[in-house]
Amino acid sequence: MTYQNYSLKQLQAIDARHHLHPFTDHKELRDAGSRMIVRADGPYVYDSEGNQLLDGMAGLWCVAVGYGRKELAEVAYDQMLELPYYNSFFKCSTPTPVLLAQKLAELAPKSVNQVFFGSSGSESNDTALRLVRHFWALEGKPEKNIVISRRDAYHGSTVAGVSLGGMKHMHGQLGGAIPNIVHVMPPYAFELAEPGESDEAFGLRAAKAVEDAIIEAGPENVAAFIGEPVMGAGGVKIPPKIYWTEIQRICRKHDVLLMLDEVITGYGRTGEWFAAQTYGIEPDTITTAKALTSGYLPLSALLVGDRIAATLVDKGGEFYHGYTYSGHPVACAVGLKNLEIIEREGLVGRVRDDTGPYFEQQLKERISGHPLVGETRAIGLMGAIEIVRDKATRERFKPAGSAAVVIRDHAIANGLMLRATGDTMILSPPLIWTRETIDLACDRILKALDLAL
Ligand code: PLP
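Given the structure is predicted, the values throughout are model-derived calculations rather than measurements.

So, about the domain arrangement of the protein. Reports of interface size often rely on the accessible area that becomes lost once the parts have come together. Its domain assignment divides the protein into domain 1 (35-65 + 346-452) and domain 2 (72-344). The straight-line distance from the C-alpha centre of domain 1 to that of domain 2 is 26 Å. Contacts between the two partners involve 27 residues from domain 1, matched on the other side by 22 residues from domain 2. When contributions to the side of domain 1 that touches domain 2 are tallied by element, the ones reaching two or more residues are helix 3 (58-61), helix 15 (347-367), strand 11 (373-378), strand 12 (383-387) and strand 15 (424-427). With five residues, the single largest contributor to the side of domain 1 that touches domain 2 is helix 15. Grouping the constituent residues of the side of domain 1 that touches domain 2 by class yields 14 nonpolar, nine polar and four charged.

Moving on, we get to the pairing of strand 15. Strand residues, when the strand is regular, have side chains that alternate between the two faces of the sheet. Both faces of strand 15 are covered, namely the face carrying Thr424 and Ile426 and the face carrying Met425 and Leu427. As paired strands, strand 12 and strand 15 are joined by four bridges and run antiparallel to one another. Pairing of Gly383 across the sheet is with Leu427, part of strand 15. Pairing geometry for strand 14 (residues 419-421) and strand 15, over three bridges, is antiparallel.

Time to look at unusual backbone geometry. In this structure, the amide linkage connecting Lys398 to the following residue, Pro399, adopts the cis form with an omega of -10 degrees. Here Pro399 shows up in the loop between strand 12 and helix 16 (402-413). With a phi angle near 45 degrees, Ala58 is a residue other than glycine that sits in the positive phi range. A tally of 29 C-beta atoms within 10 Å means that Ala58 is categorised as buried. Of note, Asp255 is a non-glycine position whose phi angle comes to about 50 degrees, a positive value. Looking at the element boundaries, Asp255 is found in the loop between helix 11 (242-253) and strand 8 (257-261).

The next thing to look at is helix 17 (residues 435-452). With 18 residues, helix 17 ought to run about 26 Å at 1.5 Å a step, and its terminal C-alpha atoms sit 26 Å apart, in line with that. All of the buried residues along helix 17 are Thr437, Ile438, Ala441, Arg444, Ile445, Ala448 and Leu449. Projected down its long axis, helix 17 shows its buried positions confined to an angular sector of 140 degrees, all on one face. Away from its buried face, by an angle of more than 90 degrees, helix 17 presents the exposed residues Arg435 and Glu436. Packed against the buried residues of helix 17 are strand 3 (52-55), helix 15, strand 11, helix 16 and strand 13 (416-417).

Attention shifts here to the site of the ligand. Neighbouring the ligand are 14 residues; Ser120, Gly121, Ser122, Gly156 and Val263 lie closest to it. At three residues, the largest contribution of residues to the shell around the ligand is made by helix 6 (residues 121-138). Of the residues contributing to the shell around the ligand, the split by class is five nonpolar, seven polar and two charged.

The next thing to look at is the sheet that holds strand 13. Judged by pairing direction, the sheet is mixed, and its four strands sit side by side in the order 1-2-3-13 without closing on themselves. Two strands lie at the open edges of the sheet, namely strand 1 (37-41) and strand 13, each paired on one side alone. On the sheet, helix 17 packs against strand 3 and strand 13 and is oriented at approximately 110 degrees with respect to strand 3.

As a further point, take the nonpolar core. Counting residues in each nonpolar core, the largest one holds 120 residues, and the members touching the most others are Val132, Ala224 and Phe225. Ranked by residues supplied to this core, first place goes to helix 14 (residues 329-344) with eight residues. Taken together, domain 1 (35-65 + 346-452) and domain 2 (72-344) each give at least three residues to this core, which thus spans both. Setting aside residues no more than four positions away along its own chain, Phe225 makes contact with Ile148, Val210, Ile247, Cys251, Val256, Leu258 and Met259.

Quick notes on the rules
- Residues numbered from 1 in each chain as written.
- Predicted model: local features only at pLDDT ≥ 70, side-chain atom pairs only at ≥ 80, totals over all residues.
- Domains from an automatic or database assignment.
- Contact = placed C-beta atoms within 7 Å.
- Helix = DSSP H or I, 4+ residues; strand = E, 2+ residues; numbered from the N terminus.
- Nonpolar A, V, L, I, M, F, W, Y, C, P; charged D, E, K, R; others polar.
- Buried ≥ 20, exposed ≤ 12 C-beta atoms within 10 Å, placed from the backbone.
- Pairing = 2+ DSSP bridges.
- Expected span 1.5 Å × (residues − 1).
- Arc of directions from axis to C-beta.
- Near = placed C-beta within 6 Å.
- Axes fitted to C-alpha atoms, helices over the stretch in contact; angles between N-to-C directions.
- Core = buried A, V, L, I, M, F, W, Y, C linked by C-beta atoms within 7 Å.

Shown next as structure tokens:
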């Protein structure tokens, strides 16, 4: 690799001069310089200075099977030699997306059997938005095109992704969102539950906000509701159990489609293949990406329910939509092999029955009592630590997020990659983490918290 001919300082200077990063304050980056991650193995990544870091974020919610999987590299190599690229347009297909689509239909909830491929979660949500509006147009109801989403939701960075998402700072830079998208309250009990309100009562109230929005817009104008089963980038906001069954009931009552964004939760993170199964619901669309290939190559899959697929096929006409890389043969070969590894190693069941419950218990027993922690919560291998200035009143630090970034930096300096989003520390490790890895992560989190006191 040619990067080895460069010093860290040289790479940082080139980085600052030529490379625009996602979600980055470039002036700040220019002063501080990037940390260069140069290799990885199992649950660890290594920087250019030889520091070993336990990766508490699986890259960016991606690397389910961990790093350094030769099988994934080999299958990509073989596929590149055999057929590196061909499109799935104009009545062509290639074998790997066909077989991957079949596999996804087998794993998904039973009413979800068709797959549309893309390269990223954002693209896949674009497809989903266009598809649900197209569905209602084919059904002769083009006016049914409002989509209801939640504040703090993250659905990607394209214009459709940001418009569907509910992040104020992102809308602030959009210069105008796609019309007919309405945002309601998120199911975030830590900040939004009333004193003394039970989990169930709060879940029902948060779901009712969706029904109120449907009624206000008029059900005849509402195409769909979209949500992440567990809001990820917004701070691992885990809804009360009743929330999703109630949302499903409301959607069915008003004939509103249910769209799940499982870009983070798909492929085992919550202890089932899909969080739809964790919450026992049957959505009309499921957006997935990230852990589909464990991030080894870019690939997304929009899983489409039978009702939409039947209309799309039976009512005919061309759906003018698709990407050059839809069903990329190499990415799909890696996806198939990645799912085979997850299955062979029983990672989904292990998260459900062992590491997931252990992770939640350890966060509660070891971390939640710390003076800077207002609450810990987890589902499967997805967790959050709420940072507060005052444990009793839950008063936050000012400015918002200032303490969380200090804790994050201490964690990284002590060998753990974790992320701060607002006042919440979030964790989303590779699914290969064991009880021992969880113990090690908790040691490092405690150290970081103590250093921030
Ligand atoms: N949806 C959710 C829930 C996400 O968390 C993300 C990315 O983190 C996206 C969509 C966008 O995916 P991508 O960054 O691959 O476009």
